[in-house]
Amino acid sequence: MASVLRNALKSIREKGIGNFVRGLREEGYLSALLDGNLMQTKIHNIGATLVGVDKIGNKYYEKLGDTQYGRHRWVEYAAKNRYNASQVPPEWHGWLHYITDHTGDELLLLKPKRYGIEHKENFSGEGDEYIYHSKGHTLNPGQRNWTRYQPWEPKKA
Amino acid sequence: MGLGQLASRALLRSSRLTTATRTSHFLRTIVSTPELHNSEVAAAQSQPEPDLPKRNPVGGARIHFPNPDDAIEVFVDGYPVKIPKGMTVLQACEIAGVDIPRFCYHSRLSIAGNCRMCLVEVEKSPKPVASCAMPALPGMKIKTDTPIAKKAREGVMEFLLMNHPLDCPICDQGGECDLQDQSMAFGSDRGRFTEMKRSVVDKNLGPLVKTVMTRCIQCTRCVRFATEVAGVQDLGILGRGSGEEIGTYVERLMASELSGNVIDICPVGALTSKPFAFKARNWELKGTESVDVTDAVGSNIRIDSRGPEVMRILPRLNEDINEEWISDKTRFFYDGLKRQRLNDPMIRGADGRFKTVSWRDALAVVAEVMHQAKPEEIVGVAGKLSDAESMMALKDFLNKMGSNNIWCEGNGPNPNADFRSGYIMNTTIGGLENADVFLLVGTQPRVEAAMVNARIKKTVRATNATVGYIGPAADFNYDHQHLGTGPQTLIELAEGRHPFWSALSNAKNPVIIVGAGIFERKDKDAIFSTVVAIAKNANAVRPGWNGLNVLLLNAAQAAALDLGLVPESNGSVESAKFLYLMGADDVNVEKVPDDAFVVYQGHHGDRSVYRANVILPSSAFTEKEGTFANTEGCAQTTVPAVPTVGDARDDWKIIRALSEVAGAQLPYDTLSAIRSRIRTVAPNLLHTDEREPATFSTSSLRPEIKEKMDMAPFETAVKNFYMTDSVTRASKIMAQCSALLLKK
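Keep in mind that what you see is a predicted model, and the values were worked out from it rather than measured. (Residues numbered from 1 in each chain as written. Chains lettered and ligands numbered in written order. Predicted model: local features only at pLDDT ≥ 70, side-chain atom pairs only at ≥ 80, totals over all residues. Heavy atoms only, no water.)

1. Concerning the interface of chain A and chain B
- Tallying the contact residues gives 9 residues for chain A and 20 residues for chain B.
- Here chain A packs against chain B, burying approximately 1300 Å² in sum over the two surfaces, 58% of which is carbon and sulfur.
- Summed over the shared surface of chain A and chain B, the number is 1 salt bridge.
- A salt bridge links Glu309 of chain B to Arg148 of chain A, with the shortest nitrogen-to-oxygen separation between them at 3.2 Å.
- Remark: the boundary between chain A and chain B carries 8 residue pairs in polar contact (both at pLDDT 80 or more).
- Per-class residue counts for the side of chain A that touches chain B are 5 nonpolar, 1 polar and 3 charged. (Contact = heavy atoms within 4.5 Å. Buried area = accessible area lost by both parts, 1.4 Å probe. Salt bridge = Lys/Arg side-chain N within 4 Å of Asp/Glu carboxyl O. Polar contact = N/O pair within 3.5 Å; in protein donor to acceptor, adjacent residues only side chain to side chain. Nonpolar A, V, L, I, M, F, W, Y, C, P; charged D, E, K, R; others polar.)

Here it is in structure tokens:
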């Protein structure tokens, strides 16, 4: 605990109090005061190894040794207020759920170039414009054109 | 023998078993045939089978005995059948209700007998006989389901499949393939073939027919069709044995207006439709039985559609009109239905640009302008593809507005609609087969009505009928005499000075066909009176035979004349202030005065839209129900196959709506109501699918014609066979055809 305080004071001295508070907020320490899940993750992180960071900034930690097997890998989400499990991209999903020991960075190399599409998190409940719409749905921007005729285009006669 | 018959026979036998056991159940024997132990039943069993279950002829085939003495009796699987002399064994089997598998035999083509699939066993014959080529003899005992016949079929099928590729999953014929069906029914369940299959280079037959020649089984149906029905000598057989190939000998296209029919006729997937290739599977398609409108023949067609698009068009059997063929234009113009469609009402603004508006606004504008025009300045023209209902509505509407200047394009400026016999084909298309001399006046049936031409070709081939032709030099696919180019020859014929006159006057059933292109001439009445004189001299019109015909060009013409769409005054387009074009694209829009207000109601942006002030989108013939009368006066109806496009509406509904906005409401709201209105004008249009012959003959009742004939030669009525109306002009396939096949 003393070392934590010493480090905090040191960084205040280096960055100034304003930057230090902004850093705290960005790292989620302020929201952790109200969010027990996040606080627990933060406490967990102490002494754990950072295995990787994915492209949206989720941090993947592992702690071997004194952790219960099956609880030794976890993620700290990049989003501190609105996080859910669908934010984990598929390449890290396997590692996080003990399906594989390959990290997401390794699996990313296997992603098919031609038809692999970007991961999107689940936007359910976030409004119609965010959620997934099937190809035929009116709200799908890349909606398929089902018109089977070509209309006559009036040109200036 | 069909599976159903096998099953019914098995059922009969089992029921006999059960009844037998029931009568003798107290015996309780342990043998498997208890009925034989009962003396009564055993006696009944030993007798020959009493009466066999009744069988019906295949496809409802009926036989006609020209001479009752010529009837002979043969036995098919023990069934006695009476057939006329000269029928083949295969036909006898069909009458007896047994469908013999076949590939090369086709009832409308000559007999080749080279596929050997139709082998049957005939008693006292040492080996199986090819039933399609063997004439039935009196007392012949034909057996179609014996082990020998079955083994023979299985062997033939094995040979046919030896060189047939196993590409049914990528073959367009898959699902409607004779070879597929018959190998399932008659083939072996395993093959013994381990060698390599032969390969054949594909032939280029043009933009319509796709060839995959490795699939060909050399039935030669296409070769026989080309020479016998289409009348072109393009296809032939090259090589012998395993080197045998169907081809054109030198690389060239199949230049026939009936070439699409080889697709239907091919029993395998060797000849398939090029525009339809890999577009759909036949079991995904919905078939709608309708009528073709691209020419005046009214060929019966089946429109195969998937969802909102027409995928292909196939012929439908109608012995009186198109038999089982259709022309290439009918078969392949369907892609024009998907291009250049008018889908929204539009109004031309002050800047000359079209603006999409609502129906309410468009109709309001039209009605307002219409009220400003004087009644005699209101002109209506019905297009080539108009149905009778919409023409009736248009005529009633314009009459209510005080105008009677309405006609159908193609009928000329001053059509003679007084006598129905003066504008229809009185002989009927099927009746042409009884003719022995044809005189074609200013008509080229090959391009104007390909199916009528096929009928003439059939007659010429069957009976060596003579054909005389007056008109510009033209390409015929049968022997003909080119008598002259203009009215001069007609005068010579009428006066009996022409060498062809002897053939015509000696003919038993002469047929004179006048082309509808003559309607456009100023001296058409004089020409018609000369033709009537020739017909009278040649005794072409008499009780029991009417050989005086007019061959119309467009689907709407006959119905328009039946409904009396005759303009009050000539040259009314030049003085029109309000012009209503109902799908009329061949009106000369340059003659329309600049201050005239033009309404175009139609389904394609073709020619007249560029002059239009208001565009009202209507539905094409595949999307609506409508009555069309063909050139022989036979009324037929189209049936909607696909939904309408965009905001388009049926023609008669638009006119009905417009009449209400204009304050001259038409008294009908439904199609049946409009048809009862037609009943008061032309009841023959309601007798669908049966031809109403014209009652009066024109020859005696016509007024004397004073005017002289113009000696200018006749002109070609149809310049381009493939592009005659707005739909065919929008079609890409038809454009390809006219680019490749009409090249001289």
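And the narrative resumes.
2. Some words on the pairing of strand E1 (residues 71–76) of chain B
Residues and elements named next belong to chain B.
- The side-chain alternation of E1 yields one buried face, formed by Ile72, Val74 and Val76, and one unburied face, formed by Ala71, Glu73 and Phe75.
- Across 6 bridges, the pairing between E1 and strand E2 (residues 79–84) is antiparallel. Note that in E2 the partner of Ile72 across the bridge is Ile83.
- Linking E1 to E2, which pair antiparallel, is a turn of 2 residues; within it Asp77 sits at a positive phi near 50°.
- Where E1 lies against strand E5 (residues 141–143), 2 bridges are found, and the strand directions are parallel. In the sheet register, Val76 faces E5, and the bridge partner there is Ile142. (Buried < 20%, exposed > 50% of the residue type's maximum accessible area, 1.4 Å probe, protein only. Helix = DSSP H or I, 4+ residues; strand = E, 2+ residues; numbered from the N terminus. Pairing = 2+ DSSP bridges.)

3. Description of the environment of Ser256 of chain B
Residue and element names in this part refer to chain B.
- Along the chain, Ser256 falls in the loop between strand E8 (245–247) and helix H7 (261–265).
- Sequence separation between Ser256 and Pro80 is 176 residues, and the spatial gap between their C-alpha atoms is 44 Å.
- Beyond its immediate chain neighbours, meaning those up to four positions away, Ser256 contacts Ala230, Val232, Asp328, Arg446 and Tyr722.
- In terms of polar contacts, Ser256 uses its side chain to reach the backbone amide nitrogen of Leu258, at 3.0 Å.

4. Topic: the sheet that holds E5 of chain B
Residues and elements named next belong to chain B.
- Taken together, 5 strands build an open sheet; the order of strands is E2-E1-E5-E3-E4 and the sheet is mixed. Only two strands of the sheet have a single neighbouring strand rather than two, namely E2 and strand E4 (129–130).
- With 2 bridges connecting them, strand E3 (residues 119–122) and E5 associate as antiparallel partners. By the bridge assignment for E5, Val122 is matched with Ile142.
- Its contacts with the sheet put helix H4 (residues 147–162) on E3 and E5, and the angle it makes with E3 is roughly 155°. (Axes fitted to C-alpha atoms, helices over the stretch in contact; angles between N-to-C directions.)

5. Quick word on the sheet that holds strand E1 (residues 49–53) of chain A
All names here are of chain A.
- Taken together, the 3 strands give an open sheet; going across it, the order is E1-E2-E3, and neighbouring strands pair in antiparallel fashion. The open sheet has two edge strands, E1 and strand E3 (73–76), and neither has a second partner. The average undirected angle you get between the axes of adjacent strands in this sheet is 30°.
- Note that strand E2 (residues 59–62) and E3 share 4 bridges and pair antiparallel. Pairing of Lys59 across the sheet is with Glu76, part of E3.
- Along the sheet face, helix H4 (residues 36–45) touches E2 and E3 and points at about 120° away from the line of E3.

6. Side note on the UniProt feature "domain: 4Fe-4S Mo/W bis-MGD-type" (unreviewed entry) in chain B
- Following the UniProt record, the feature "domain: 4Fe-4S Mo/W bis-MGD-type" (unreviewed entry) maps to residues 285–341 of chain B here.
- Summarising residues 285–341 of chain B: 9% helix, 35% strand, and an end-to-end C-alpha distance of 23 Å. (UniProt positions renumbered as here; feature names shortened; annotations may be inferred.)

7. Examining the environment of Lys536 of chain B
Residue and element names in this part refer to chain B.
- By the element assignment, Lys536 lies in helix H15 (residues 524–537).
- Note on Lys536: relative accessible area 54%, which makes it exposed.
- Taking C-alpha positions, Lys536 is 39 Å from Met582, a pair spaced 46 residues apart along the chain.

8. Thoughts on the packing of helix H10 (residues 388–400) of chain B against helix H17 (residues 651–661) of chain B
Residue and element names in this part refer to chain B.
- Taken N-terminus to C-terminus, the directions of H10 and H17 make an angle of 20°; their axes are 8 Å apart at the nearest point. What the angle tells us is that H10 and H17 run roughly parallel. Along this stretch, H10 crosses H17, giving a crossing that reads as left-handed. Taken together, the residues of H17 that come into contact with H10 (itself represented by Glu389, Ser390, Ala393, Leu394 and Phe397) are Asp651, Trp652, Ile655, Leu658 and Ser659.
- When the residues that make up the contact of H10 with H17 are grouped by side-chain class, the tally is 6 nonpolar, 2 polar and 2 charged. (Parallel < 35°, antiparallel > 145°, perpendicular 65-115°, else oblique. Left-handed = near helix turned anticlockwise from the far one by under 90°.)

9. Some details on the packing of aromatic side chains
- Going through the model one piece at a time under the given rule, you end up with 16 aromatic pairs over all chains.
- Measuring from ring centre to ring centre gives 5.9 Å for Phe333 of chain B and Phe621 of chain B, while their planes differ by 20°; the resulting arrangement is stacked. Here Phe333 of chain B, found in the loop between helix H8 (328–332) and strand E13 (346–348), pairs with Phe621 of chain B, found in the loop between strand E26 (614–617) and strand E27 (626–629); they are 288 residues apart in sequence, far enough to count as distant.
- Residue class for Phe621 of chain B comes out buried when judged on its relative accessible area of 3%.
- Here the aromatic residues Tyr60, Trp92 and Trp95 of chain A are joined through ring pairs into a cluster of three or more. (Phe/Tyr/Trp six-rings, centres within 6.5 Å; stacked < 30°, edge-to-face > 60°.)

10. A look at helix H13 (residues 487–494) of chain B
Residue and element names in this part refer to chain B.
- Counting buried residues in H13 gives 6 out of 8 residues, a clear majority hidden from the surface.
- Inspection of H13 places Pro487, Thr489, Leu490, Ile491, Leu493 and Ala494 among the buried residues, and these make up the whole buried set.
- Against the buried residues of H13 lie strand E17 (437–441), strand E18 (466–470), strand E19 (481–484), helix H14 (500–506) and H15.
- Of the residues trailing H13, Gly496 is marked for its positive phi of about 75°.

11. Let's talk about helix H5 (residues 178–186) of chain B
All names here are of chain B.
- By the burial criterion, the buried members of H5 are Leu179, Gln182 and Ser183. Down the axis of H5, the smallest arc covering the buried residues is 105°, so these residues share one side. For H5, the exposed residues set more than 90 degrees away from the buried face come down to Met184 and Ala185.
- Here the buried face of H5 lies against H4. (Arc of directions from axis to C-beta.)

12. Focus: the side chain of Thr459 of chain B
Residues and elements named next belong to chain B.
- Summarising the element assignment, Thr459 is placed in helix H12 (residues 450–463).
- Since its relative accessible area comes to 2%, Thr459 is described here as buried.
- Apart from residues no more than four positions distant in its own chain, Thr459 is found in contact with Leu432, Glu433, Ala435, Phe438, Asn464 and Ala465.

13. A look at unusual backbone geometry
Residues and elements named next belong to chain B.
- Positive phi, close to 70°, is recorded for Tyr249, a residue that is not glycine.
- When its relative accessible area of 69% is taken as the criterion, Tyr249 is described as exposed.
- Here Glu323, not a glycine, exhibits a phi torsion of approximately 50°, which is positive.
- Within the secondary structure, Glu323 sits in the loop between strand E12 (309–315) and H8.

14. Some remarks on the pattern of salt bridges
Residues and elements named next belong to chain B.
- Scanning the model with the defined rule gives 56 salt bridges over all chains in all.
- Between Glu323 and Arg108 there is a salt bridge, with the nearest N and O atoms lying 3.5 Å from each other. Residue Glu323 is located in the loop between E12 and H8, and its partner Arg108 is located in the loop between helix H3 (89–95) and E3; the two are separated by 215 residues in the primary sequence.
- Taking the relative accessible area as the measure of exposure, Glu323 reaches 5% and is therefore buried.
- For Arg108, a relative accessible area of 22% corresponds to the partly exposed category.
- Notably, a salt bridge pairs Arg497 with Glu495, separated by 2.7 Å at the nearest N-O pair. Each of the two residues, Arg497 as well as Glu495, counts as exposed.
- Within the structure, one salt-bridge network assembled from shared partners comprises Arg108, Glu319, Glu323, Glu324, Glu433, Arg455 and Lys458.

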